Amino acid sequence: MPVFDYAPAPENREIARVKQYYQPFIGGGFVDGGGEPLKTLNPATGEVLAEVSTVASSDVDSAVTAARKAFERVWSPMPGAERAKYIYRIARLIQERARELAVLESLDNGKPIKESRDADIPTAAAHFFYHAGWADKLDYAGFSTSTAGPPQPLGVAGQVIPWNFPLLMLAWKIAPALATGNTVVLKPAETTPLTALVFAEICQQAELPPGVVNIVPGAGDVGEMLVTHPGIDKVAFTGSTEVGKLIQRQLAGTRTRLTLELGGKAANVVFDDAPLDQAIEGIVNGIFFNQGHVCCAGSRLLVQESVADEVLAKLRARVETLRLGDPLDKNTDIGAINSAEQLAKIRELVASGEDEGAQRWTSSCPVPEKGYFFAPTVFSGVESSMRIAREEIFGPVLSVQTFRTPDEAVTKANTTPYGLSAGVWTEKGSRILWLSNALRAGVVWANTFNRFDPSAPFGGYKESGFGREGGRSGLAAYLKGADDGEV
Amino acid sequence: MSVALADRLDDATRDESSLRRFLDGLPGVDQVGLEQRAAGLATRSIKQDAKRWAIDTAISMVDLTTLEGADTRGAVRSLCAKAVRPDPQRPDTPSVAAVCVYPDLAATAVEALTGTDVAVASVATAFPSGRSNRAVKLADTALAVESGAAEVDMVIDRGAFLEGRYGDVYDEIVAVKQACGAAHLKVILETGELATYDNVRKASWLALLAGGDVIKTSTGKVSPAATLPVTHVMLQAVRDYYEATGEPRGVKAAGGIRTTKDAIRYLVAVNEVAGEQWLTPSLFRFGASSLLNDLLLQRRAKQDGHYSGANYLPE
């Protein structure tokens, strides 16, 4: 029994106003879809949270048709300043309903309330605010050419998002599309559709013209219908590299534009002159934020030999203080794994790490009996050839390797088919600059990790995908001609 | 902590240049990361039994302080009475840890507190600025100790520290510690004047190496006084010192902590940065005056289910 035993401080689940039944949002109204309804679970208990009507191919047709009509008649002819008003209104409504959205997100996804409350929802609102500001300034964003004039929207965007940051990924997709004058049909993830459907309510509240945003819940088959639909001008996908490759194959030879934000196996590189206490925080934040369900998670720790023992000892002591449990408890640091399927995948990879000879250390924190949980785990003695060093685990599992020279760090960090993000920890500025050029990753954080801002472009190298989201570069993915050259 | 640090510690105090090498070789502190972590921990939500426990623990950690030119013997005597029985109508309220006064009033406090569990702490060494010579500072310390103070709160020579004369600062702490005899020595770093977290870390280690039993943030006379990030750095220092040497040393956060909410945030930091063994008055203290009454009001509110007026509390 600890001396200072924090009493449970649960957020009230009534705030989420969970309904028993949710419907797809097509053409400005909620309608029943023709697909088999799905049940979404609360991963912290394994209990059914709500039933969601899913769409059939005919519903995808009507969503695309509604989006096309809205694009041609209302949204693209509308002056940017008018579009901005709607997007600002959406941003403010997200803020107004932030608490409801945060609790709902934690119920549906399993992430701790402190993260949905302090990271997911505020950042989602920030993306709408940021992009609303661009809507009337596109002519001056540097995309205009002397021949084609100001940049033009692409048309209807088909967007497919993952379950790790449901509302935030929706914001990353929808905000730039709307700001640039496109309309969207978005498919939320099968296991986390609820906040997207509350977002649809917000679109109604904001009196967004019907058809500008359509939400079509369903599983992978609906995603496939959507991305291969002939009425779609642009596909934006965030998810696994496996599915990303499939989409790219299917779209090859068509005129459909494509951006992909896929998996990662980020290296977090700690040098011996690093601010060690903060590096420990950064390592913890890098891999245990959102249960490690983060495509840019710092899942490979590369630590310089001379401080390796010290870093590992401090890291284990720190990880031991992480509180695992009820996602709605305000003191929970690590919530539930999103699904039984994902938990099985994590267990399988962890077992492979043990089989291949890495040393496993797992926090002794109590693990709830109900629901899908996995205690934070650190593997040391990891070799680059092991599966836990190569494959994306997407869970609270860190693989630790050591290096001796900066060159060795770069080689090890780049030994991966992925290239989404990386971290550098050193007090030496010149080394940060050198390393951020040498690391083949879309984002390199220096002395911090997992920091997101709508103004900072995010995206990958190699098998982590292509295209950027956020910032001025993120707009290019939704404008004609803009993504052809360097922007 | 690695063996490497324990080895380096043995070497650190050999001479001035090895001391400098040790202090300059400490890992840096990243300001953004530190402040982010401190702010993150401050969002812990402490309720019900945990809150009741935290309030009583915080009360037992208070160094009830009066350090004014206008202090009188009568005021010190009434402060001592309050220290022993903070809430006379609720006899189950714990006593505070100590009463902290200027050295000329230490004897008065000792007289008032004899036979109780409350210790007398006296500031010394030309508090708060520390601007005097070594002889005067040692005489000041002697006055405190001879008056019966069980704890001495000294200030470091910030001028010397910022000029990089670490050896001078070290020698002075060693000399004061010697003058303290059996009395506990708290070393005030005055972090508000040290400007960077790196300096706070260096000064913390300097004071620990020189034999300070407790490292203390501030005099309360300089703004900013105690802050959560500064306290984090100092808690990390005592934790690392303990890991390397096996000797537990304390931390005292002083100045600017006025509410129960603030105090609980500090306790959470102590619990999660240094570890739960530091959650005891011998290893963590609050230097405060107005904090106590807020703790008492919150304590009453927890018992009664509603707030009572401040008029029911002494002073």
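Because the structure is predicted, anything quoted here is derived from the model rather than measured.

**Things to note about the interface of chain B and chain A**
At the junction of the two partners, chain B supplies 30 residues and chain A supplies 29 residues. Between chain B and chain A, a total of about 2,500 Å² is buried, with carbon and sulfur atoms accounting for 49% of that surface. Broken down residue by residue, the surface that chain B buries against chain A is led by B:Asp30, B:Arg37 and B:Arg44, which jointly contribute 21%. For the interface between chain B and chain A, the tally reads five salt bridges. For the salt bridge of A:Asp277 with B:Arg201, the shortest nitrogen-to-oxygen distance reads 2.5 Å.

**Overview of the environment of A:Asn164**
Residue and element names in this part refer to chain A. Turning to its location among the elements, Asn 164 is positioned in the loop between β6 (156-160) and α5 (166-179). Residues Asn 164 and Asp 333, 169 residues apart in the sequence, show an inter-C-alpha distance of 16 Å. In contact with Asn 164, not counting residues within four places along its chain, are Asn 109, Lys 111, Met 169, Asn 290, His 293, Val 294, Cys 295 and Phe 394. Looking at Asn 164, its side chain comes within polar contact range of the main-chain oxygen of His 293, at 3.1 Å.

**What to know about a negative patch on the surface**
On the surface, A:Glu190, A:Asp221, A:Glu224 and A:Glu341 cluster together into a patch of negative charge. Within the secondary structure, A:Asp221 is located in helix α7 (residues 220-227).

**Let's talk about the pairing of strand β11 (residues 267-270) of chain A**
All names here are of chain A. Across the two faces of β11 the burial is the same, with Ala 267 and Val 269 and Asn 268 and Val 270 all buried. Sheet topology places β11 next to strand β16 (residues 421-425); four bridges connect them, and they run parallel. Note that in β16 the partner of Val 270 across the bridge is Trp 425. The pairing of β11 with strand β12 (residues 300-304) spans four bridges and is classified as parallel. Within the sheet, the bridge partner assigned to Val 269 lies in β12 and is Leu 302. Handedness of the crossover is the feature at issue here: the chain leaves β11, passes through helix α9 (residues 276-288), returns alongside β12, and the resulting connection is right-handed.

**Examining the sheet that holds β16(A)**
Residues and elements named next belong to chain A. If you trace the seven strands from one edge of the open sheet to the other, you get β13-β14-β15-β12-β11-β16-β17, paired in mixed fashion. The sheet terminates laterally at β13 (359-362) and β17 (443-446), the two strands that pair on one side only. Within the sheet, the average angular offset between the axes of one strand and its neighbour, ignoring direction, is 20°. With four bridges joining them, β13 and strand β14 (residues 377-380) adopt antiparallel strand pairing. What sits directly across from Thr 362, in β14, is Thr 377. Packed on one face of the sheet, helix α11 (residues 340-355) meets β13, β14 and β15 (397-403) and runs near 30° to β14.

Definitions and limits used
- Residues numbered from 1 in each chain as written.
- Chains lettered and ligands numbered in written order.
- Predicted model: local features only at pLDDT ≥ 70, side-chain atom pairs only at ≥ 80, totals over all residues.
- Heavy atoms only, no water.
- Contact = heavy atoms within 4.5 Å.
- Buried area = accessible area lost by both parts, 1.4 Å probe.
- Salt bridge = Lys/Arg side-chain N within 4 Å of Asp/Glu carboxyl O.
- Helix = DSSP H or I, 4+ residues; strand = E, 2+ residues; numbered from the N terminus.
- Polar contact = N/O pair within 3.5 Å; in protein donor to acceptor, adjacent residues only side chain to side chain.
- Patch = residues over 30% accessible without salt bridge, like charges linked within 9 Å, V, L, I, M, F, W, Y side chains within 5 Å.
- Areas by Shrake-Rupley, 256 points an atom, 1.4 Å probe, with all protein chains shown as cover.
- Lys, Arg positive; Asp, Glu negative; His and termini not counted.
- Charge placed at Lys NZ, Arg CZ, Asp CG, Glu CD.
- Buried < 20%, exposed > 50% of the residue type's maximum accessible area, 1.4 Å probe, protein only.
- Pairing = 2+ DSSP bridges.
- Right-handed = clockwise from strand over helix to strand, strands pointing away.
- Axes fitted to C-alpha atoms, helices over the stretch in contact; angles between N-to-C directions.

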